[in-house]
Amino acid sequence: MVVAITYDKETGNVGQHFGHADFFKLYEIENGRIMDSAVVAPFGQGHEAVASTMDDYSVSLVICQNIGDGAMQALSAYDIAVCPNVEGLADDAIEAFMQGSLLIENAPNCDCDHGAGSCCGGESSCGSTCGGCCH
């Protein structure tokens, strides 16, 4: 099984938002153990390109902080499950998943209208209900 986590290379944390992720940390899990991991960049920007990247790497599950409906639909088209609302270090998140303490929800947790630029009310604040600025 391959699990992808949105990834902030500077901090090692789970990245803020699936659709805007510059990097993903991929974990290959076999028999309850991490066999390999690698940091990769998506092949393009936007929900479809990022979902296609996940499919190219045979990802079965995406772990992220925030994800909108468009991204959920794109991942669903590839039968990729999603575990949103995860914060902290990516390595801790994969351990939590393997221990069964993360829930696969397959539901968007961000209702931002990114196309209209209405997610953030300003550079550092969020005017939406996504639990913090999702960029």
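Structure: see above.
All of these numbers come straight from a predicted model, not from anything done at the bench.

Calculation rules
- Residues numbered from 1 in each chain as written.
- Predicted model: local features only at pLDDT ≥ 70, side-chain atom pairs only at ≥ 80, totals over all residues.
- Heavy atoms only, no water.
- Helix = DSSP H or I, 4+ residues; strand = E, 2+ residues; numbered from the N terminus.
- Buried < 20%, exposed > 50% of the residue type's maximum accessible area, 1.4 Å probe, protein only.
- Contact = heavy atoms within 4.5 Å.
- Areas by Shrake-Rupley, 256 points an atom, 1.4 Å probe, with all protein chains shown as cover.
- Core = buried A, V, L, I, M, F, W, Y, C linked by side-chain atoms within 4.5 Å.
- Pairing = 2+ DSSP bridges.
- Axes fitted to C-alpha atoms, helices over the stretch in contact; angles between N-to-C directions.
- Phe/Tyr/Trp six-rings, centres within 6.5 Å; stacked < 30°, edge-to-face > 60°.
- Lys NZ or Arg CZ within 6 Å of the ring centre and 35° of its normal.
- Disulfide = S-S within 2.5 Å.

Peer 1: Help me understand the overall build of the protein in this model?
Peer 2: Looking only at helices and strands, one finds three helices and five strands in the protein. Seen in sequence order, the protein has helices and strands lined up from the N terminus as β-β-β-α-β-α-β-α. Counting all 135 residues of the protein, 41% fall into the buried class. Of the contacts formed within the protein by residues at least 6 apart in sequence, a portion of 48% connects residues at least 24 apart. Just so you have it, the protein exposes about 6900 Å², and 44% of that area is on carbon and sulfur atoms.

Peer 1: Looking at this structure, I do not really get the nonpolar core. What am I missing?
Peer 2: The tendency in soluble globular proteins is for nonpolar side chains to be buried as a group. In terms of nonpolar packing, the biggest core is built from 20 residues, with Phe 18, Phe 24, Met 54, Val 59, Val 62, Ile 67 and Leu 75 touching the most fellow members. If you list the elements that add at least two residues to this core, you get strand 1 (2-6), strand 2 (24-30), helix 1 (47-56), strand 4 (59-63) and helix 2 (69-77). It is helix 2 that contributes the most residues to this core, four residues altogether. Those residues in contact with Val 59, other than ones at most four positions away along the chain, are Val 2, Ala 4, Leu 26, Met 54 and Ile 80. Counting residues in each nonpolar core, the second largest holds 17 residues, with Leu 61, Cys 83, Val 86 and Phe 97 among its members.

Peer 1: So what exactly am I meant to see when it comes to the sheet that holds strand 3 (residues 33-40) here?
Peer 2: Adjacent strands of a sheet pair through backbone hydrogen bonds, lying either parallel or antiparallel. The mixed open sheet is built from five strands, whose spatial order is 3-2-1-4-5. Since the sheet does not close on itself, it has two edges, and those belong to strand 3 and strand 5 (81-83), each with one partner. Strand after strand, the sheet turns through a mean of 25 degrees between neighbouring axes, direction not considered. Of the pairings in the sheet, the one linking strand 1 to strand 2 comprises five bridges and is antiparallel in character.

Peer 1: Sorry, what's going on with the environment of Leu 103 here?
Peer 2: Tracing the sequence through the fold places Leu 103 in the segment after helix 3 (90-98). Judged by its relative accessible area of 60%, Leu 103 falls in the exposed class.

Peer 1: Would you mind showing me how to read the packing of aromatic side chains here?
Peer 2: The full count for this structure, using the stated rule, is two aromatic pairs. Ring geometry for Phe 18 and Phe 24: centres 5.7 Å apart, planes at 65 degrees, overall edge-to-face. Note on Phe 24: relative accessible area 0%, which makes it buried. Taking the ring centre of Phe 23 as reference, the NZ or CZ of Lys 9 above it sits at 4.4 Å.

Peer 1: Got a minute to help me understand the pairing of strand 3 in this structure?
Peer 2: Where strand 2 lies against strand 3, seven bridges are found, and the strand directions are antiparallel. The residue bridging Tyr 27 from the neighbouring strand is Ser 37, located in strand 3. Hairpin remark: strand 2 followed by strand 3, antiparallel, with two residues in the connecting loop; positive phi at Asn 31, about 55 degrees.

Peer 1: Just checking my understanding: could you explain the state of the cysteines for this structure?
Peer 2: Disulfide: a covalent bond connecting the sulfur atoms of a pair of cysteines. Inspection of every chain in the model, using the stated rule, returns zero disulfides. Counting only cysteine sulfurs, Cys 83 is the nearest neighbor of Cys 64, a cysteine outside any disulfide, at a range of 7.8 Å. Residue Cys 83 is classed as buried on the basis of its relative accessible area of 1%.

Functional significance is not addressed by these values, which are geometric in nature.
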